[in-house]
Amino acid sequence: MPSYERLRELLDPGTTVLLTVECQQGVVGPDSALPELAREARTSGALANVARLVAAAHESGVQVIHALAERRPDGRGASRNARLFRAAERLPVQQLAGTAAVRVAAPIEVTEEDFVVRRLHGLSPIHGTEVDALLRNLGCRTLVVTGVSANVAIPNAVFDAVNRGYTVVVPGDAIAGVPSDYTPAMIRHTLALVATVATTDEVLGGLTRPRRTGVTPV
């Protein structure tokens, strides 16, 4: 685990962005298309920890971006070049644009200051989306990655962010995947090699600072 001083240095509110990945009702909500993943996200405490981190980010002035995956009702523009995509087409719950399935799931709160970025294709919340441009325009240096799944979207997000020059922090108890023993293995053998891994409480300790006031917009 990183030292408190090192983590606090990385989590400077002025240069840190918190990213939630696919924390949407149709993925981690009660009526999820992926009930095993939804159950793991909730019973492990990962979803609750994402909500805690988002609340702390709002309090400390850290920018929050919610990355959601959706598809058009006609399926146009969606990826079909992997078994995962074709299987998703047959699921009883579809992540259709404009439906409840693609709204951020409780208990995560969304404020007017948050960005919500939606993608129609691919596996990554960063590659081919607005997220990278937003991070650069926000002056981001450290990206905190949370959400689901540790199987696919989370490692994609971490690799894409690192390849683009950002420092990544992963609160290991604020991500989830299936089966339950897969997430710690992914963290230990893969994510820890490229990101700073911490606990939610440790990240909260680094983020908890008074909100800056009196800043004049450029």
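Residues numbered from 1 in each chain as written. Predicted model: local features only at pLDDT ≥ 70, side-chain atom pairs only at ≥ 80, totals over all residues. Heavy atoms only, no water.

(A) Looking closely at the overall build of the chain. If you tally the helices and strands in the chain, you get nine helices and seven strands. In terms of overall dimensions, the chain has C-alpha extents of about 50 × 40 × 30 Å along its principal axes. With 218 residues in all, the chain has 50% of them scored as buried. Entry remark: accessible area of the chain is about 10,900 Å², with carbon and sulfur atoms responsible for 52%. Across the chain, 22 positive and 22 negative side-chain charges occur, with their mean positions spaced 6 Å apart. (Helix = DSSP H or I, 4+ residues; strand = E, 2+ residues; numbered from the N terminus. Buried < 20%, exposed > 50% of the residue type's maximum accessible area, 1.4 Å probe, protein only. Areas by Shrake-Rupley, 256 points an atom, 1.4 Å probe, with all protein chains shown as cover. Lys, Arg positive; Asp, Glu negative; His and termini not counted. Charge placed at Lys NZ, Arg CZ, Asp CG, Glu CD.)

(B) Molecular detail of the nonpolar core. L18 and I108 are the most contacted members of the largest nonpolar core, which has 32 residues in total. Listed by contribution, the elements that provide at least two residues to this core are α1 (4–10), α2 (25–28), α3 (35–43), α4 (46–60), β2 (63–69), β4 (142–148) and α9 (200–207). If near-sequence neighbours (up to four positions away) are discounted, L18 is found in contact with L53, V54, A57, V62, Q63, V64, I65, V144 and T146. Within the second largest apolar cluster, 28 residues are counted, among which are I126, L134, A153 and L191. (Core = buried A, V, L, I, M, F, W, Y, C linked by side-chain atoms within 4.5 Å. Contact = heavy atoms within 4.5 Å.)

(C) Summary view of the side chain of S124. Among the structural elements, S124 can be located in the loop between β3 (115–119) and α6 (131–137). The class of S124 is buried, set by a relative accessible area of 5%. At 3.0 Å, the side chain of S124 and the backbone nitrogen of I126 are in polar contact. Here D160 takes part through its side chain, which lies 2.5 Å from a polar atom of the side chain of S124. (Polar contact = N/O pair within 3.5 Å; in protein donor to acceptor, adjacent residues only side chain to side chain.)

(D) Spotlight on the packing of α4 against α9. As a packed pair, α4 and α9 sit with axes 10 Å apart at the nearest point and diverge in direction by 5 degrees. Of the possible angle classes, the one that applies to α4 and α9 is roughly parallel. Residues N49, R52, L53, A56 and S60 of α4 pack against T200, D201, V203, L204 and L207 of α9. (Axes fitted to C-alpha atoms, helices over the stretch in contact; angles between N-to-C directions. Parallel < 35°, antiparallel > 145°, perpendicular 65-115°, else oblique.)

(E) Expanded view of unusual backbone geometry. P107 follows A106 through a cis peptide bond whose omega is 10 degrees. Within the element layout of this structure, P107 appears in the loop between α5 (83–88) and β3. The step from V148 to S149 runs through a cis peptide bond, and the omega angle for that step is -10 degrees. Note on placement: S149 falls in the loop between β4 and α7 (153–163). In the Ramachandran plot, E22 falls in the positive-phi region, its phi being about 55 degrees despite a non-glycine side chain. Its location among the elements puts E22 in the loop between β1 (16–21) and α2.

(F) Representation of the pairing of β1. With six of six residues buried, β1 is to be regarded as a mostly interior element. Residues T16, L18 and T20 point to one face of β1 and V17, L19 and V21 to the other, with burial holding for every one of them. Taken together, the six bridges between β1 and β4 define a ladder with parallel strand orientation. By the bridge assignment, T20 is partnered in β4 with T146. (Pairing = 2+ DSSP bridges.)

(G) Layout of helix α8 (residues 182–194). Here α8 spans 18 Å end to end across 13 residues, near enough to the 18 Å set by a 1.5 Å rise per residue. The largest bend in α8 is about 40 degrees, located at R188. Taken as a whole, α8 has its buried residues at T183, M186, I187 and L191. (Expected span 1.5 Å × (residues − 1). Bend = angle between axes of the 7 residues up to and from the residue.)

(H) A look at the confidence of the model for the chain. Summing up the model confidence of the chain, the mean pLDDT is 93 and the portion of residues at 70 or higher is 95%. Within the model, pLDDT remains below 50 along residues 212–218, and this stretch shows one contact once partners closer than five positions in the same chain are excluded. (pLDDT = per-residue confidence, 0-100.)

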